[in-house]
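Single-letter residue listing:
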Amino acid sequence: MESALKEQRGGESVLDLSPRATPAGGVEDVYGEDCATEDQLITPWTIAVSSGYNLLRDPRYNKGLAFTERERDAHYLRGLLPPVISTQELQEKKIMQSLRQYDVPLHKYVAMMELEERNERLFYKLLIDNVEELLPIVYTPTVGEACQKYGSIFKRPQGLYISLKEKGRILEVLKNWPERSIQVIVVTDGERILGLGDLGCQGMGIPVGKLALYTALGGVRPSACLPITIDVGTNNEQLLNDEFYIGLRQKRATGQEYYDFLHEFMSAVKQNYGEKILVQFEDFANHNAFELLAKYGTTHLVFNDDIQGTASVVLAGLIASLKLLGGSLADHTFLFLGAGEAGTGIAELIALEISKKTKYPVEETRKKIWLVDSKGLIVSGRKETLQSFKKPWAHEHEPVNNLLDAVKAIKPTVLIGTSGVGRTFTKEVIEAMASTNERPLIMALSNPTSQAECTAEEAYTWSEGRAVFASGSPFPSFEYNGKLNIPGQANNCYIFPGFGFGLVMSGTIRVHDDMLLAASEALAAQVTEEHFAKGMIYPPFADIRKISAHIAASVATKAYELGVATRLPRPANLVKYAESCMYTPNYRSYR
């Protein structure tokens, strides 16, 4: 990926450490949120010590009926609560019972967001303890519907909205956010939300959801997270005509106006939060995503989850799948349907991993990887008309117009879908894969579920139960000829929370491709023989906090090796250090 982006940067590498940037910052645990401070008494500060009625309405400190007798006396809560004292575990049981009574996923989503707004620790306690059940609610696929209807369900802001109205004043807007010790920003401009397209300002559901997962799955403190939506308009006519739309009612700004606005934003972020603030770009359109990553990768700590996070999690699945498929990565041939930021990002990281293992140049290892876009197989004859990020994948081959013919011509061992178009892995395509492979690997990665290239049931049935299957959104297990097959979920949630946490805890100031490879290998190492026996190439989400700690440690290790980690001295045991720095949602005792 770095090799592909260096050309756009005029040959500058992220390790050159441009003098345009100076390390600064450093964040302490102000609110007693980390595992290491769990047993300490804390003071519920706001501007003054929070007490009484105000304390019950502060989501960071509110414990509901769990306030002890002593705390009720000390903080003037007598009479403001019923006399019963409840445990956090009982509160959790009650909320889960209530959530399970909803039939509509969006209603569960709204209920979860309302819980976060009144009792932050209980929200994260639920999410951490019931991650497999609640992940589809707070993130894909339900978050997609939430974004589509965000104007109707909007009640109170959950992050910063920076629109063109604030041009020239973005630093001032950032200072309006009450927290100063921010470690992670997730930002979107709403142009390419999941597989749903341009949702404009209503794309805020994505940064909010991503940062909830940064905390629940990766251990980043909620107080250190900031969701931001950059509103430059929308080209979605339906939204522009929607009376409940919450964004600017104008067509999208493009070209120099757009890039000047983004540059002001990136400059203001560094000025306000320092060098070590992680900015994660989320759901930007292809034509902007690569440009922004190339431009700011050498001057800021930036990460694009759609390009780099998706690539890392898919590579982890491929590394793990070798136990089932046999051979090394270099022995396999890869065919992609979809050549956007996700597809080309995954392809580049696969090529880098093969290059690292075989010592062949990446230009050579790319030849094992083929991509199909809307015009057919990407071949050298099309090079003059291709976008820059597609050109490295234009190999020598006669033109092929569709996916089925490409499968027959290339004979791939791995088929990966990043097209954003549902049901494109047809029965004929899967059968063609199965005809040339004993165990074809099928990865239908497009989100949400309706946009998946095929379902798990289709992949298993059409391959006569021989396929190894993974998807972007969750699918239920499927039994074929008496064997239970458990689909893998190549969900970015495996990677980005632990990856980002590793950057934060080590004070890293740049993202390098080697860190992505380290994250992939760390995730693949968490898949056990028991998982392989069930056809799984990803570990269960129930273990995600442990997985994230190992990923964070691997990323931090690589950052120290590359000389871009600033937190010194380096901890002796990075896994234990990661675990001690993780946010824990258990209620604290108040003085």
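Source: prediction; values computed, not measured.

Caption draft 1: Molecular detail of the overall build of the chain. Regarding its fold elements, the chain presents 25 helices and 14 strands. Relative to the globule expectation of 25 Å for 591 residues, the C-alpha radius of gyration of the chain, 24 Å, shows essentially globular dimensions. For the chain, the spread of C-alpha atoms along the principal axes amounts to about 80 × 60 × 55 Å. Relative to its full complement of 591 residues, the chain shows a buried share of 61%. Taking the intrachain contacts of the chain between residues at least 6 apart in sequence as the baseline, contacts between residues at least 24 apart amount to 73%. As displayed, the chain has an accessible area near 23000 Å², and 51% of this comes from carbon and sulfur atoms. Side chains of the chain give 62 positive and 71 negative charges; the mean places of these two sets differ by 3 Å.

Caption draft 2: How the structure looks around the UniProt feature "domain: Malic enzyme N-terminal" (unreviewed entry) in the chain. On the UniProt side, "domain: Malic enzyme N-terminal" (unreviewed entry) is annotated at positions that read residues 116-297 here. The distance from the first to the last C-alpha atom of residues 116-297 is 33 Å, and the span holds 46% helix and 11% strand.

Caption draft 3: Structural view of the packing of aromatic side chains. If you walk through the whole model with that rule in mind, you get 16 aromatic pairs. Arranged with centres 4.8 Å apart and planes meeting at 80°, the rings of Phe123 and Tyr124 form a pair that is edge-to-face. Here Phe123 matches Tyr124 in class, with each residue buried. Among the aromatic residues, those joined into a cluster by ring pairs are Tyr460, Phe469, Phe475 and Phe478. Between the NZ or CZ atom of Arg366 and the centre of the ring of Trp393, over which it lies, the distance is 5.8 Å.

Caption draft 4: Expanded view of unusual backbone geometry. A cis geometry characterises the amide bond from Thr140 onward to Pro141, with omega recorded as 10°. Despite not being glycine, Lys359 has its phi angle at roughly 70°, a positive value. Considering the arrangement of structural elements, one finds Lys359 in the loop between helix 16 (341-358) and helix 17 (362-365). Phi is positive for Glu464, close to 60°, though the residue is something other than glycine. Position of Glu464 relative to the elements: it lies in the loop between helix 20 (456-462) and strand 11 (468-471). Here Glu464 falls in the exposed class, since its relative accessible area comes to 54%.

Caption draft 5: A look at the domain arrangement of the chain. Parsing the chain into structural domains produces domain 1 (52-120), domain 2 (141-304), domain 3 (309-490) and domain 4 (494-581). Relative placement of domain 1 and domain 2: their C-alpha centres are 30 Å apart. Across the contact, ten residues belong to domain 1 and 15 residues belong to domain 2. Broken down residue by residue, the surface that domain 1 buries against domain 2 is led by Leu106, Tyr109 and Glu117, which jointly contribute 52%. The tally of links from domain 1 across to domain 2 stands at two salt bridges.

Caption draft 6: A look at the pairing of strand 10 (residues 441-444). By the alternation rule, side chains of strand 10 split into Leu441 and Met443 and Ile442 and Ala444, which are all buried. Pairing geometry for strand 9 (residues 414-417) and strand 10, over four bridges, is parallel. Within the sheet, the bridge partner assigned to Gly417 lies in strand 10 and is Ala444. Each parallel crossover has a hand, and for strand 9 linked through helix 19 (residues 427-436) to strand 10 it is right-handed. Here strand 10 runs beside strand 11; their pairing, made up of four bridges, is parallel. Note that in strand 11 the partner of Ala444 across the bridge is Ser471.

About the criteria used
The residue count restarts for each chain, going from 1 along the sequence in the order it is written. Per-residue local features of the predicted model are confined to residues with pLDDT of at least 70, and side-chain atom pairs are confined, for both listing and counting, to 80 or more; whole-chain, interface and lining totals are unaffected and use all residues. Side-chain metrics in this entry use all non-hydrogen atoms of the structure; hydrogen atoms and water are not considered. We count a stretch as a helix when DSSP gives it H or I for four or more residues in a row; a strand needs E for two or more, and each element gets its number in order from the N terminus. A radius of gyration in this sense is built from C-alpha atoms; the matching globule rule multiplies 2.2 Å by the number of residues raised to 0.38. Buried, partly exposed and exposed residues are distinguished by accessible area as a fraction of the type maximum, computed with a 1.4 Å probe on protein chains only: under 20%, between the cut-offs, and over 50%, respectively. Only heavy atoms enter the contact rule, under which two residues are in contact if any of them lie within 4.5 Å. Note on areas: Shrake-Rupley with a 1.4 Å probe; residue coverage comes only from the protein chains shown. Charge assignment: positive for Lys and Arg, negative for Asp and Glu; neither His nor the chain ends contribute. Note on charges: their place is set at NZ of Lys, CZ of Arg, CG of Asp or CD of Glu. UniProt positions are given in the numbering used here, feature names are shortened, and annotations may be inferred rather than shown by experiment. Only Phe, Tyr and Trp rings are paired, with Trp represented by its six-membered ring, and only when their centres lie within 6.5 Å; those with planes under 30 degrees apart are stacked, over 60 edge-to-face, the remainder tilted. Put simply, a charge is over a ring when the Lys NZ or the Arg CZ is close to the ring centre, within 6 Å, and near the line of the ring normal, within 35 degrees. Boundaries of every domain are those given by an automatic assignment or by a domain database. In this description, buried area is defined as the sum, over both parts, of the accessible area (probe of 1.4 Å) that is lost when the two are combined. For this analysis, a salt bridge means a side-chain nitrogen from Lys or Arg found within 4 Å of a carboxyl oxygen belonging to Asp or Glu. The pairing criterion for strands is at least two bridges between them, as found by DSSP. Whether a crossover is right-handed comes down to one check: with the strands pointing away from the viewer, does the path from the first strand over the helix to the second run clockwise; if it does, it is right-handed.

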